[in-house]
Each structure stands twice: as C-alpha cells, then as structure tokens.
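# Fold and geometry: a report
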Amino acid sequence: MTNSISVADARRGDSHTIQEIGIPSLVLMERAALGAANRLLTGDYDLTNVLVFAGTGNNGGDGIAIARLLHVRGAKVTVMLTGDRAKASTETTQQLKIIDYYKIPVIPADINLGDYTTIVDAIFGIGLDRPVEGKFATWINAINGSTAKVFSVDVPSGLNADTGEPQGATVKADATSSFAYSKKGFDTAVGKQYTGTLFVEDIGVYLHDKYEG
Ligand SMILES: NC(=O)C1=CN([C@@H]2O[C@H](COP(=O)(O)OP(=O)(O)OC[C@H]3O[C@@H](n4cnc5c(N)ncnc54)[C@H](O)[C@@H]3O)[C@@H](O)[C@H]2O)[C@@H](O)CC1
Ligand SMILES: [K+]
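A brief look at the structure comes next. (Residues numbered from 1 in each chain as written. Chains lettered and ligands numbered in written order. Predicted model: local features only at pLDDT ≥ 70, side-chain atom pairs only at ≥ 80, totals over all residues. Heavy atoms only, no water.)

## Quick word on helix α2 (residues 25-42)
It helps to recall that an α-helix has 3.6 residues per turn; residues three or four apart then point in one direction. The condition that has to hold: Put simply, DSSP H or I for four residues or longer makes a helix, DSSP E for two residues or longer makes a strand, and each gets a number counted from the N terminus. What a helix is expected to span follows from its residue count: subtract one and scale by 1.5 Å. Remark: exposure states derive from per-residue accessible area (1.4 Å probe, protein chains only) relative to the maximum for the residue type, with buried under 20%, exposed over 50%, and partly exposed in between.
Across its 18 residues, α2 extends 26 Å between first and last C-alpha, which sits within 8% of the 26 Å expected from 1.5 Å per residue. Listing the buried residues of α2 in full gives S25, L28, M29, A32, A33, G35, A36, A37 and L40.

## What about the coordination of the potassium ion (ligand 2)?
Applied cut-off: Atoms are scored as donors when they are N, O or S and lie within 2.8 Å of the metal, with 3.2 Å used for Na, K and Ca; no water is included, so coordination may look incomplete.
N59 (OD1), D121 (O), F124 (O), V153 (O), V155 (O) and S157 (OG) make up the full set of protein donors to the potassium ion (ligand 2), lying at 2.6 to 3.0 Å. Read from N- to C-terminus, the donor residues coordinating the potassium ion (ligand 2) fall into the pattern N-x61-D-x2-F-x28-V-x1-V-x1-S. With N59 in helix α3 (residues 58-72) and V155 in the loop between β5 (149-153) and β6 (175-179), the pair connects residues that are 96 residues apart, well separated along the chain. Like N59, the residue V155 is buried in the burial classification.

## Focus: the side chain of T117
This is how it is decided: Two N or O atoms form a polar contact when they lie within 3.5 Å of each other; inside protein one atom must be a possible hydrogen donor and the other a possible acceptor, and for residues adjacent in sequence the pair counts only when both atoms belong to side chains. What makes two residues a contact is simply this: any of their non-hydrogen atoms within 4.5 Å.
Within the secondary structure layout, T117 lies in the loop between β3 (106-108) and β4 (118-122). Among the polar contacts listed, one links the side chain of T117 to the backbone oxygen of D46, at a separation of 2.6 Å. Not counting residues within four places of it along the chain, the set of residues in contact with T117 comprises D46, L47, T48, N49, V50, A148 and K149.

## So, the pattern of salt bridges
For clarity, the cut-off: We define a salt bridge as a contact between a side-chain nitrogen of Lys or Arg and a carboxyl oxygen of Asp or Glu at a distance within 4 Å.
Evaluated as defined, the whole model comprises eight salt bridges. Across the pair D44 and K149 runs a salt bridge, and its minimum N-O distance is 3.8 Å. Taken together, the residues D44 in the loop between α2 and β1 (50-54) and K149 in strand β5 connect sequence positions 105 residues apart. You can call K149 partly exposed: its relative accessible area is 31%. Here R130 ties to D129 by a salt bridge, and the two come within 2.8 Å at their closest N and O atoms. There is no split in this pair, since R130 and D129 are both exposed.

Right under this line is the structure:
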C-alpha cells in the first residue's frame, strides 16, 4: 500500500486543517519541526556545528523551528537565510523572532559551508513552482558539494514532489522528513535518489478524515 499524495492534496490537507478544523498553522509547524528534530537527535548525525539553510517561505519556518529545538538540546546551530527577513511569511517571521530570543545566529546565505557537520535543507518544500536557477542553484550546489550530512525538510529543495524529477539544481539528501504523508514523487527511482532515507512525520493533518464534509 502506498500512502503518497500529490502536492495539491498536501496543500488541501494543510489548509483544511488550519481553516476548517481550526488547528493553527504554527501548531502544525511545531509538530513538523519536532518530528524532524527528533530524527536528527536520535539518528547518526554529528550535531557539533549544524547549519539550517532556510528559505523565507514556510519550509524555511520549519527549518528555523528545528534550529531552535536543536539549540535547546545543546547543539551549536547557525541559520543561513536565503532572502530578506522583511519578506518572510507570517509563520517564518514568528520563528525568526523566537530564535532571536535564543540568540541563534542568522546570517545571509553563502556558499562557504566548510565547517558545518550537518546541514538542514529548508529552502523549498511543496511551494516550489519553478526551476531552481541563479543564486539558489549556487547555494544548492554548495550544499551538495559539502562533506556534511544533509537532512531535507519535507522535500529535498528543487525536487518536484509530484513527478520526482529535479527542477534545476536539487538537494541530494541523506535523509528527508516529509510531513503528514509521503509525496508521489518520492516513489520514483529518481525521486528516491534525492530523498535518501525517507521518514514521514505525523503533524496532525489527515486527508479523507471521516468528519470531512
Ligand atoms: N501551515 C502550513 O501550511 C504548513 C506548512 N508546512 C511547510 O511549509 C512548506 C510550504 O510552504 P510554502 O507554501 O510557504 O512554500 P515553500 O516554503 O516551499 O516555498 C516558498 C517560496 O519559494 C518561492 N519559490 C518557489 N520556487 C522557487 C524557485 N525555483 N526559485 C526561487 N524561489 C522559488 C515561492 O515563490 C515562495 O515564495 C511545506 O513544504 C512544509 O515544509 C509545514 O510547516 C506544515 C504546515
Ligand atoms: K526542503
């Protein structure tokens, strides 16, 4: 049995849970981050110098929440942000405000990744809507070229989660924590090369629940 869903269904599940059921978006994000952070804390990762490479959408927000959860467990964590913090999504803005309290460093995205032992890829998730080019491609190529282990949040950044095909530069992860359900693109032979070991985290989003109208 496969439980993989399309990107459209993933979006439908999230918005139904937030808008119809009433579970706040930040609650889902916290559950997503807890699931992923626990994989990192219990898996074979060197957390002495962790980098969270975060976009300004909600995938980045998940990553920034993971940065906080690892920090409070004693890991050294730095966040690299791919864009202007003033343009971040509502949830990501809140996650940035929270990590300011913990004095977790937030620095601009860079290709110099030499000292990091683990990289958390939180650049793009299911919001990817065009091929990855330009500076984003440069950053993703640097992540793929680093000696650090790479852990992707929800979707390896650049992978089309419906087709399993790379859309321009795409992160090749050692492992991926996908939220609520696996995605259809992860079932293909090519898709599997990008996700690495796949985990699915229960974040409280269930499609086809018996209460759905
Ligand atoms: N509340 C929610 O809706 C939840 C969302 N979650 C996370 O949120 C993600 C989806 O968040 P978003 O919808 O904000 O989307 P993403 O964070 O995946 O991407 C958002 C941004 O990337 C830009 N973008 C897309 N393709 C690009 C490209 N090739 N080059 C440059 N920029 C590009 C888009 O314009 C958009 O601004 C999920 O994958 C998951 O990680 C989870 O936290 C669970 C709950
Ligand atoms: K990602």
